[in-house]
Structure formats: structure tokens, C-alpha cells
Amino acid sequence: MKKLYILSLVLSITFSFAQKTNLKQADALFRNYSYADASKAYEEILQNIKKPTAQTLKNAADSYYFISDARNALKWYKKLYEVQGNNLTDIYYLRYIQTMKAVMDYDEADRVTKEYLDKKGDQKEINRYVAQKKQLDSLAKAKPLYKIKNLDINTSKSDFGATFFGDKIVFTSARDTTKFSEKLYTWNNQPFLNLYVSERNPADGSLFNEALFLPNVMSKYHEATATFDPSGKTIYYSTNIVKKNKLVVDENKINNFQIVKGSIVNNKLENPQNVFFNSEDYSVGHPCLSEDGQWLFFASDMPGGFGETDLYVVKIAADGTMSSPLNLGPKINTMGNDLFPYYRNGILYFSSDGHYGLGDLDVYESKFLTDGNFTTPRNLGAPINSNKDDFTYVVDKTDTYGYVSSNRAGGKGDDDIYSFVKGKPVCNQSISGIALDRKTKRPLPDVTIMAYNSFREVLGETKTNYEGKYAIVVPCNKVVNMIAAKPNYSSDEKTVETTKENEGEITNVNFELSNYDDLVVKKRGVEMVDVQPIYFDYDKYDITPKAIEELTKVVFIMQKFPNIKIKIESHTDSRGKDAYNLKLSDNRAKSTRDYILSQSIDASRIESAIGYGESRLINKCKNGVKCTEEEHLLNRRSDFIIIQK
């Protein structure tokens, strides 16, 4: 039933398809929406036209596109692209991209998408593409939440649009079981659609004992996609605009769809009435009521939208009065087709071929926020979505089972109904931030960021990009230990508590790493921790606050570089007695050692702590030599010599 979702019925003039068809006849078939016959005609004609016009290529491609023959459509869209290049219009870019995806040529589709977005220059569109592609790529790596099954109730014709009706299921089908069997919809040469009701087996989701639903209202044209109020006594459904049993058509010979509301009494429709926003000039259809019956979502190609078909909503008051239709806006609606809304538990599900997806219509979800806006739509991924049309997604109130329709390969007919069971989503969150050089405050690329749980099991690992930025996905509701590391740099650690919000983001978890070379100094051929003189009170070896400031640097480098081992050497100047200076310096060396060990540094990492008194002067200031205070200060030092790193 491909492309019925454009919400209009086209009336076709019957042409005999001769072996030799000229271009005028092919164009006439196309103008009258006989796409199955038109595609054959163009295929024959184009074998003998060396330089077809862009319009002929469009018609040939569209003829196949509208009957779901992506492979042949792509052939002609590609030729059109070769002819028009960057002059290709938005809608033909979209169709070209979608047919590539339909044959699973995803790399080329992404290349052309980027080319199109660059040409368009809309940063919001680019950002949406990047975000949705990232989300879908991530989803492809995760274990699927859904298990789907094709139903035995499907036929070789179009079966779709299952929805809940109490403990039964109402669905749409073109199965040929009515007295109108001789009437075919010339778009695709299938019977017209009717609504059916079936029993549902709760054990496996299968449907059985199907029968016409509300037989007194089923016409010889389309009736489709129903929705019901909470009591099950009021129905809204899509149907052709008919007056006095005749289709109402516009100047283009198009009969538009409308939404009809009625009461269900003893399996009959009573008091049918049109919703006030129906129009003979455009279509409205695919209605969906919220669980409380206060909101009616629908699709329409009414003027003023963002694309071929958009999603709208009206509020329904207690007395049945409806507000004016409100377009759901550019976050939901695209330049393509946005259709088949379904609202459950504060989430809008819908199908679209304009958002980034796997091909043709995909099912998306978007949360309704308290400020009245919707979140950026998220693709539900495989197996709900495929490279073909996937639509009319419905899920029960417990969010555990439901139905979706698709014309994917492996089905029984045109569109098929699939049942699904849905597992509980794995709750994950994103932690993001930046890694900086502690001294320069510049971003550090290629820093390894690792996340661990309390058992030191790795939850995730990533690296910072050229801007020093990172993002890592971790489980919800956990205490996450994080460490940032880079060769020749100190490590940095953080502890983060994630919340229960699935797909929430914790930002600004930043790290600062020190370059080893910024923390050491080379003197007299050896590497030492770069510290200022360690000051002690006169004639004492107790650790002073000023000494702690410098010893903190020693503790820092030993904490951040866990393989470092040192030895401590303390020295005095030449003033005072030699023996006294030797003992004083040794006490000071051991005092600094004890302070470092008190900061949870393992004793095995300090090889020795020895005082050398005035025996290792580094200048001329020995006994009897007159020196300035600054010259004596150079000898009064403590060295923290690195012997292993």
C-alpha cells in the first residue's frame, strides 16, 4: 500500500498498455496516478531516448517510487542527479537518499546527505542529522529491545494499522472479501481498504477470527486507521470525502481524505460527523486520541506545513469542542512525510521519511515536555525499523507489547502487521567534559578516560578529541569512578553518581593533568621534584605550614605517578657546628619523610631519608668564607631525588 499515506485517493483514467507506448501516453498514465502502468511505459520508452528531460526522469523515478520499487526508482533518480546535480530540489534529494537506503546503500546515502546539507547551509538541520545519526549508530551497537513476529492473519494484499479496541484489535486491510472485489485502486491495482476487527491471543499476540468492523459504514472506497476514546464508544477514522455516494474531487482529480467521528452502538456506527477541520482542498487523516481522550493527533497536507505531510494536534474539551489545529512544529515535522501519530504515556510515536533513519518511513519517539514542547525524535532502530516503510506503531499501556506495520522483505504481501514484545530498556547516561593541561589550561587530546564500578570492573572507555573533549556512556543509578590518563602526564580521578534518568547527561566532569616535565627539574645530572626550599623554624625540624606547601607538591607527583620512587636528602649551610648540622639535617629529612608517608604514600616508595649537614655544599660558602644570606640559602635545601619513574 506504498504511498497511500499521502492521504489522497486519485482517480485514474484507464489506458490500455500496448507494447509500443509513446511518451505522451506514459505521461498521461503518470498524471492520472496509474503508477504501476506508468513505470512500465517509461521503462520501455527510456531505452530509446538518449537524452531524456529532467521531467521525464522524475516521472520515471517517481512511478517506481510510488509503487515501492526502490531499485528501479534509484536507477532513474541517480540519472536525474547526474543531470541536475546541486539544482536538484529538496524533495528529490530526499527521494534519492531514501531509495539508496531502501537498497541499503547507506554509505552513499550519507555522502549525498552531507552534500545536500552543506548546500542548504542550515546549521540546525546539520545538527539534527549529526545527533540522529549518532543516536542510531549507538542503537545499532546495543542489544535490541524488541522481538517482532509476522502474523498469520496477513494476506497478499495490504494489511496494516493495528490498534487496540478493548481486548480486541482493529486493523486496516485491502483483503478482497467484500462485494466490491471488482473495484481496484489503480495506484497499485489493489482492492480498497476496509476496517476489520479480530480477537487477540494474549499468549503470543496473534490475531484471529477477523471480520468487517462496523459493516454499516464500510463503503466501496477507503476506510482506514481508526482510534477510540477510553470507553471504546467513540471512534475517529480516515475515509474518502464522499457526497451522495460520489467522490468529491479537486481540480487535479484528487479525492482527499477526511476524519469522521461517530458513536459505536451494537457494532454499528451511529451519528457520524465530520471534524470541523476537514476540507475538500486538502487531506486530514490517521487520527489518534490520547489515553484520556483530550488530545487528537492527526496528519495532514494542509497549507502552511513544513513538508509533504505534517503532524497536528487539537485539544478536545469536555463538551466535545475542539481547538484549532496546532502544527507540532519543525522539531517533529520535516520536509518529507510525517505520519501515523500514536500517543501513549507521554510519548509521541510517529513515522517519518524526513528524519535520519534506515530507509523510507521509520518509527520515531519523542517525549512531551512540561513546557509544551517535544524532545528531538529518536529512531526506534531495528527490528522495529528496516530499509522499507515501517509505520502504525502502537504499544500497550504497560509498554511491553504492541504492533507495527511494514512492507519489508520477507513479508506475506504489500504491507504486513507484525506483533512485538518489548523488553525493558537498559538505562544509560552520558558523562562528558574536557581534559586540560594543569599548568597551561590548554585542552589535552588523546587522554584515555576510563569508568569503573565499585568492583573495579570497566564500565566504559574513550579518548578525548582534538579539543580535549570526551563523552562516555555508563549505567544509570551507579557510583562511577573515573580516571583520566595520558603518557608522561599525571592521572586525575573523579567520582560521579549517575541518576535514574535514562539517557540523561552529566556534563562538566573535567580533568586536569600535569605534564611530568613540568613537575621535575634536572640538577647536577639527576631529576628532582621541583620544589622551593623547605623552611623549618630555627634549630627545629617540625613541619611548618610553609613546608607543607612544598611537600604537597612531592605528595602530588607521587600520587599522580604511582611508579615514582624517591630518596630524600636534606642539607644545611656551613654556619654552626658540623656535627650539630648533620644531626639537624637528618632529623629534618626524616620529618619530611614521615609527613609524606602520612599522606598515604607507601613507605616502599621512599628509598631513604638522610641528612648530610654541610658536607655537600654547592657553592664556596664553607666554614670561614664570608657569604651573603642568599648564598647561604642555596646550601640550605632538601632534595627529593627521583630514582625510579
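Residues numbered from 1 in each chain as written. Predicted model: local features only at pLDDT ≥ 70, side-chain atom pairs only at ≥ 80, totals over all residues. Heavy atoms only, no water.

Caption draft 1: Main features of the state of the cysteines. In the structure shown here, the tally under the stated rule is two disulfides. In this model C427 forms its disulfide with C476; the gap between the sulfur atoms is 2.0 Å. The chirality of the disulfide connecting C427 with C476 is left-handed, given an S-S dihedral of about -80°. Taken as a pair, C427 in the loop between β25 (416-422) and β26 (428-437) and C476 in the loop between β29 (469-475) and β30 (479-485) lie far apart in primary sequence, 49 residues in all. One disulfide bridge connects C621 with C627, the sulfur atoms lying 2.1 Å from each other. Taking the torsion about the S-S bond as the criterion, the C621 to C627 disulfide, at about -105°, is left-handed. Each member of the pair, C621 as well as C627, is classed as buried. Cysteine pairing for the protein (bonded cysteines numbered in sequence order): 1-2, 3-4. (Disulfide = S-S within 2.5 Å. Helix = DSSP H or I, 4+ residues; strand = E, 2+ residues; numbered from the N terminus. Buried < 20%, exposed > 50% of the residue type's maximum accessible area, 1.4 Å probe, protein only.)

Caption draft 2: Highlighting the sheet that holds strand β7 (residues 194-200). Taking strand neighbours across the sheet as the criterion, the four strands line up as β3-β4-β7-β8 in an open arrangement whose pairing is antiparallel. Since the sheet does not close on itself, it has two edges, and those belong to β3 (159-165) and β8 (207-212), each with one partner. Adjacent strand axes in the sheet meet at a mean angle of 30°, parallel and antiparallel pairs treated alike. The pairing of β7 with β8 spans four bridges and is antiparallel. In the sheet register, E199 faces β8, and the bridge partner there is F208. (Pairing = 2+ DSSP bridges. Axes fitted to C-alpha atoms, helices over the stretch in contact; angles between N-to-C directions.)

Caption draft 3: Local environment of the packing of helix α1 (residues 23-31) against helix α2 (residues 35-45). Put simply, α1 and α2 touch, their axes get as near as 8 Å, and they point 155° apart. Between α1 and α2, the crossing angle belongs to the class labelled roughly antiparallel. Between α1 and α2 lies a crossing of left-handed hand. When α1 is examined against α2, the residues L23, A26, D27, L29 and F30 are found in contact with a partner set consisting of Y35, D37, A38, A41, Y42 and I45. Class assignment for the residues of the contact of α1 with α2 results in nine nonpolar, no polar and two charged. (Parallel < 35°, antiparallel > 145°, perpendicular 65-115°, else oblique. Left-handed = near helix turned anticlockwise from the far one by under 90°. Contact = heavy atoms within 4.5 Å. Nonpolar A, V, L, I, M, F, W, Y, C, P; charged D, E, K, R; others polar.)

Caption draft 4: Structural context of the packing of aromatic side chains. Throughout the structure, instances matching the rule amount to 31 aromatic pairs. For the pair F350 and Y364, a centre-to-centre distance of 5.9 Å together with 25° between the ring planes defines the contact as stacked. You can see F350 sitting in strand β20 (residues 347-352) and its partner Y364 sitting in strand β21 (residues 362-367), a full 14 residues away along the chain. The class of F350 is buried, set by a relative accessible area of 1%. Y364 sits in the buried class, given a relative accessible area of 1%. Three or more aromatic residues joined by ring pairs make a cluster, and in this case those are F30, Y35, Y42, Y65, F66, Y77 and Y92. (Phe/Tyr/Trp six-rings, centres within 6.5 Å; stacked < 30°, edge-to-face > 60°.)

Caption draft 5: View of the environment of N274. Relative to the helices and strands, N274 resides in strand β14 (residues 268-274). Considered as a pair, N274 and Y541 are 267 residues apart in the sequence and their alpha carbons are 96 Å apart. The contacts of N274, once residues within four sequence positions are left out, are Q258, I259 and V260.

Caption draft 6: Fine view of unusual backbone geometry. Residue P383 is reached from A382 by a cis peptide bond, and omega for that bond is 5°. Of note, D446 is a non-glycine position whose phi angle comes to about 60°, a positive value. Examined against the element boundaries, D446 turns out to sit in the loop between β26 and β27 (448-452). Backbone geometry at R456 places phi at a positive 65°, although glycine is not the residue there. Examined against the element boundaries, R456 turns out to sit in the loop between β27 and β28 (458-463).

By themselves, these are just geometric observations and shouldn't be taken as functional.
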